Structures are given as structure tokens and as C-alpha cells.
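# Results of the structural survey
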Amino acid sequence: VTEMADKKCRQAIHRLVKQHPGAFVVVTGCYAQLKPGDVAKIDGVDVVLGAEQKGELLQYLGDLQKHEKGEAITTTTKDIRSFSPSCSRGDRTRFFLKVQDGCDYFCSYCTIPFARGRSRNGTIASMVEQARQAAAEGGKEIVLTGVNIGDFGKTTGESFLDLVKALDRVEGIARYRISSIEPNLLTEEVLAYCAESRAFMPHFHIPLQSGSDEVLKLMRRRYTTNFFAEKISRVKELMPDAFIGVDVIVGTRGETEECFEEAFEFIRSLDVSQLHVFSYSERPGTMALKIEHSVSPEEKHRRSQRLLELSDAKWEAFYRRYIGTEAEVLLERSRTEGVMHGFTANYIRVELPVEGNLDNQIVRVRLGDFNVGRSALRATLL
């Protein structure tokens, strides 16, 4: 979505080439799919594989020893159809289960459909099996991930609600979290089930992108601010303690000063816990480039800072609401001896002194005030 992602990819490639002189370098993934020519020109890159060619690396191995450095082999395809299953363990305690890939939405500012292809998914049965395997490996928490996870079921005739119900029955997994889900796909049925479920946490990440109806229309989003506000209200009605993170893009083409002020006031009125703020980046091939009004980099930065300050205020207010209450926390190993961190069901980060190893254990605590770094609430074991 952003130029920053491209920049980080280029930096990573340069760094690895420098760290491993003479190594055979293969670049694959979204950046390689979108800009294979640019990647191939980077010194030290030998092979550029598109999003669908990751599994084809083996077929090149016989030719690799014959390949002379200097000109990269490039192979990409525009027809991205397959779904590659993935359930990986993070560097802490939770697993990440990819339930869906690709996107059919084609928002005017976004290149993800070109990088990841159309919406597709594996079967519910395969997802359940991966969740069971995670439980067998000691996992207690799973985050459901994907590009547009609420669209689950397009290729199998199933639904996201069916998936949620099936995963909730997997023994051994105590917690599920739903990663970013479109507001129009976070249905009443899904919300009602999560509110009463055994293991789905009161924690949602819902992209808004703009609080201006005029800008939402230019973005080709599939909802209005009124719809979004009603969705947030419904989440809070069913799950009053829910943590709600919201994505916002500032400085898109067409976002006049009046549109931004309207958006700012709308976002300030929402009962959400945190904002994830991104500055708009020009992306080649997107419909947004046809919109005339553009925003200067300096103005993008100013608007971004205002929203980040609003986010900090909302985050602190949400945390303060729970000081003095009791909660269950899934603990994670820490680099600091004698201290462990973890998250409550509604995603409040907690810090507490611990003797011994309680990594990956769910404990009951009393929440205190903010820690020294103001990144978490201090807590005591009960």
C-alpha cells in the first residue's frame, strides 16, 4: 500500500547482499510481483520470483550453478490463483493462521489485488487441522490473518462465520484474535457469535481509512461513515470491554482541508481504542492517480501528527478505564529478568514481576497504573 514498504524491501535486499557476499540471492513476494524489473536491477539479485512462483524455486536449482551473476532471472505471472496454507509461530507465544489470501475490492489507492491476486482460501477442515496442530505444539492463542479475511469462503462455498464456529470448538486453543476485517464483512452474526463464544477475544481491528464520506467515495470503499459508526456502536453494545483498533490513511488525493477536518471530528467521536495512521503514497497503476487534488508531504505529516496525538489520548483513556480491575493475562517470555509481559483478553499490555518461568501460561492479575515506559499497565499476581 505504501512506498515505505518498497523502501524497506530494497533496504533488506541491499543489507543481505552486503552481509553475504557471493550468496545466490532470490527475491520473492509482493514487491517482486509488482516491480520485478526494479528488483532485478538491484546489484547481487540472481532470481526474481513472483507471488505464485515461490514453490517453483526447486526447478531452477539445476541451473543455478551455471548462472553467471550480472543479470537476474525474472519470472512472474499476473494470474495468481493458488492458496498457500500457513500456520506459523511468532517470536512469542501466539500462532498466526492464514485463512485467506488476495482481495477483490480494488480500492483506488491500493495495489494489493495486483500483488496478491483475487480472494481465495483453504477449506474450514484444513484450518481446523492446522489449529489442532498448533494446540498440539503447546499454542494457546491463534491470530487469524489474511488480506481480506471476512471474504473467507469465496473458493470453497463456506463462510467466515462457519470458520469462526469451527475453530471455536478446537480443544487446547484458549484464545483467538481476528486481525483486520472490513466493516461491511464484520456481520451481525459474526459479532453476536464472538460475544458469546468460548475463545474469541473482544478485540477487533477494523479499517476506516477516512472519516469523510467524500473521500471514502473517492477511495472506492464499500461503506459510509454512518455505517462505520453504527458498527463500532454495535461492537461496544455486545462487548463493552472490546479493544478496537482502526486504520486511517491521511493525505490521499482528494482529501481537502475541509475533508480532513470533517474526518478528524468523526474519528474523535468514535469509541475506539487506537488508531493506526498511514500517510498516502502514490502507487503506479492505481485509480487514485486520476484524482486532481493532491496533498503536500508537509501537510500529510501535519495531519498524521494530529491523528497520532488523538490515538495516544484514546489509547491512554482505554487503559485507564481498567486500572484496579482483575483480568486474565497470557504471559510471554521477556528479555528482562524477573519481569514478564502479556495481554489481557481485550488486548491491554501488562507488565508484572514473576519468579520462575510462566511463559505461555494464563494467570489472573490485578491491573495497576502505567509502568515506567508507559507502554503497559503494571500488575500483580492473584
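Values in this document were obtained by computation on a predicted structure and should not be read as measured data.

What follows covers the side chain of aspartate 151. Within the secondary structure, aspartate 151 sits in the loop between β8 (141-145) and α7 (160-168). Owing to a relative accessible area of 10%, aspartate 151 belongs among the buried residues under this scheme. Engagement of the side chain of aspartate 151 in a polar contact is seen with the side chain of serine 119, the distance being 3.1 Å. Those residues in contact with aspartate 151, other than ones at most four positions away along the chain, are Asp104, Ser119 and Leu185.

With that settled, consider the packing of aromatic side chains. Under the criterion given, the structure shown has ten aromatic pairs. For the ring pair tyrosine 176 and phenylalanine 200, a centre distance of 4.8 Å and an interplane angle of 15 degrees mean the geometry is stacked. Of the two residues, tyrosine 176 sits in strand β9 (residues 175-178) while phenylalanine 200 sits in the loop between α8 (188-196) and β10 (203-209), which places them 24 residues apart along the sequence. Side by side, tyrosine 176 and phenylalanine 200 carry an identical accessibility label, which is buried. Geometrically, the ring pair formed by phenylalanine 243 and tyrosine 347 is edge-to-face, given 5.4 Å between the ring centres and 70 degrees between the ring planes. Pair noted here: phenylalanine 243 is in strand β11 (residues 243-250) and tyrosine 347 is in the loop between β14 (339-344) and β15 (349-353), with a separation of 104 residues, a long-range link. Overall, tyrosine 347 belongs to the partly exposed group, its relative accessible area being 26%.

Their axes nearest at 10 Å, the elements helix α6 (residues 124-136) and α7 cross at an angle of 30 degrees. In terms of orientation, α6 lies roughly parallel with respect to α7. Seen from above, α6 lies across α7 with right-handed handedness. Facing Ile124, Met127, Val128 and Ala131 of α6, the residues of α7 in contact are Asp162, Leu163, Ala166 and Leu167.

Our next topic: α8. All of the buried residues in α8 are Val190, Leu191 and Cys194. Across the axial projection of α8, the buried residues extend over an arc of 95 degrees, all falling on one side.

Bringing the environment of glutamate 326 into the picture now. Here glutamate 326 lies in strand β13 (residues 326-332). On a C-alpha basis, the gap between glutamate 326 and valine 365 in space is 5.6 Å, while along the polypeptide they are 39 residues apart. Not counting chain neighbours up to four residues away, the residues in contact with glutamate 326 comprise Arg364, Val365, Arg366 and Leu382. A distance of 3.2 Å separates a polar atom in the side chain of glutamate 326 from a polar atom in the side chain of arginine 364. A distance of 3.0 Å separates a polar atom in the side chain of glutamate 326 from a polar atom in the side chain of arginine 366.

Right, let's talk about the sheet that holds strand β4 (residues 86-89) for a bit. The strand order across the open sheet formed by four strands is β4-β5-β8-β9, and the pairing between neighbours is mixed. The outermost strands of the open sheet, each flanked by one partner alone, are β4 and β9. Geometrically, the sheet is characterised by an average inter-axis angle of 20 degrees between neighbouring strands, direction not taken into account. Sheet topology places strand β5 (residues 95-98) next to β8; four bridges connect them, and they run parallel. The residue of β8 that forms the bridge with leucine 97 is leucine 144.

Before going further, it helps to examine unusual backbone geometry. Its identity is not glycine, yet glutamine 209 carries a phi of approximately 75 degrees, on the positive side. Of note, glutamine 209 is situated in strand β10. In the Ramachandran plot, asparagine 360 falls in the positive-phi region, its phi being about 70 degrees despite a non-glycine side chain. Residue placement: asparagine 360 occurs in the loop between β15 and β16 (362-370). The class for asparagine 360 is buried, based on a relative accessible area of 9%.

Within the element layout of this structure, serine 179 appears in the loop between β9 and α8. At a separation of 2.5 Å, a polar atom in the side chain of serine 179 contacts the main-chain carbonyl oxygen of leucine 144. Those residues in contact with serine 179, other than ones at most four positions away along the chain, are Val143, Leu144, Thr145, Gly146, Ile149 and His205.

Now for the sheet that holds β10. Strand order in the open sheet made by the three strands is β10-β11-β12, with parallel pairing throughout. The open sheet has two edge strands, β10 and β12 (274-279), and neither has a second partner. Shown here is a sheet whose adjacent strand axes are inclined to one another by a mean of 20 degrees, direction ignored. The pairing of β10 with β11 spans six bridges and is parallel. Paired with glutamine 209 across the bridge in β11 is valine 248. The sheet strands contacting helix α10 (residues 225-238) are β10 and β11, and the helix crosses β10 at an angle near 170 degrees. The strands that helix α12 (residues 297-320) touches are β11 and β12; relative to β12, the one it contacts most, it runs at about 165 degrees.

Scanning the entire structure with this criterion turns up one cavity of 30 Å³ or more. Size it by volume and the largest cavity reaches roughly 50 Å³. Surrounding the largest cavity, Ser108, Tyr109, Val215, Leu218, Met219, Thr252, Arg253, Tyr280, Ala288 and Ile291 form its lining. Considering only residue class, the lining of the largest cavity consists of seven nonpolar, two polar and one charged.

Rules and cut-offs
- Residues numbered from 1 in each chain as written.
- Predicted model: local features only at pLDDT ≥ 70, side-chain atom pairs only at ≥ 80, totals over all residues.
- Heavy atoms only, no water.
- Helix = DSSP H or I, 4+ residues; strand = E, 2+ residues; numbered from the N terminus.
- Buried < 20%, exposed > 50% of the residue type's maximum accessible area, 1.4 Å probe, protein only.
- Polar contact = N/O pair within 3.5 Å; in protein donor to acceptor, adjacent residues only side chain to side chain.
- Contact = heavy atoms within 4.5 Å.
- Phe/Tyr/Trp six-rings, centres within 6.5 Å; stacked < 30°, edge-to-face > 60°.
- Axes fitted to C-alpha atoms, helices over the stretch in contact; angles between N-to-C directions.
- Parallel < 35°, antiparallel > 145°, perpendicular 65-115°, else oblique.
- Left-handed = near helix turned anticlockwise from the far one by under 90°.
- Arc of directions from axis to C-beta.
- Pairing = 2+ DSSP bridges.
- 1 Å grid on protein atoms, 1.4 Å probe; cavity = no way out; pocket = protein on both sides within 12 Å on 5 of 7 lines; lining within 4 Å.
- Points joined across faces, edges and corners; volume = space filled by probe spheres on them.
- Nonpolar A, V, L, I, M, F, W, Y, C, P; charged D, E, K, R; others polar.

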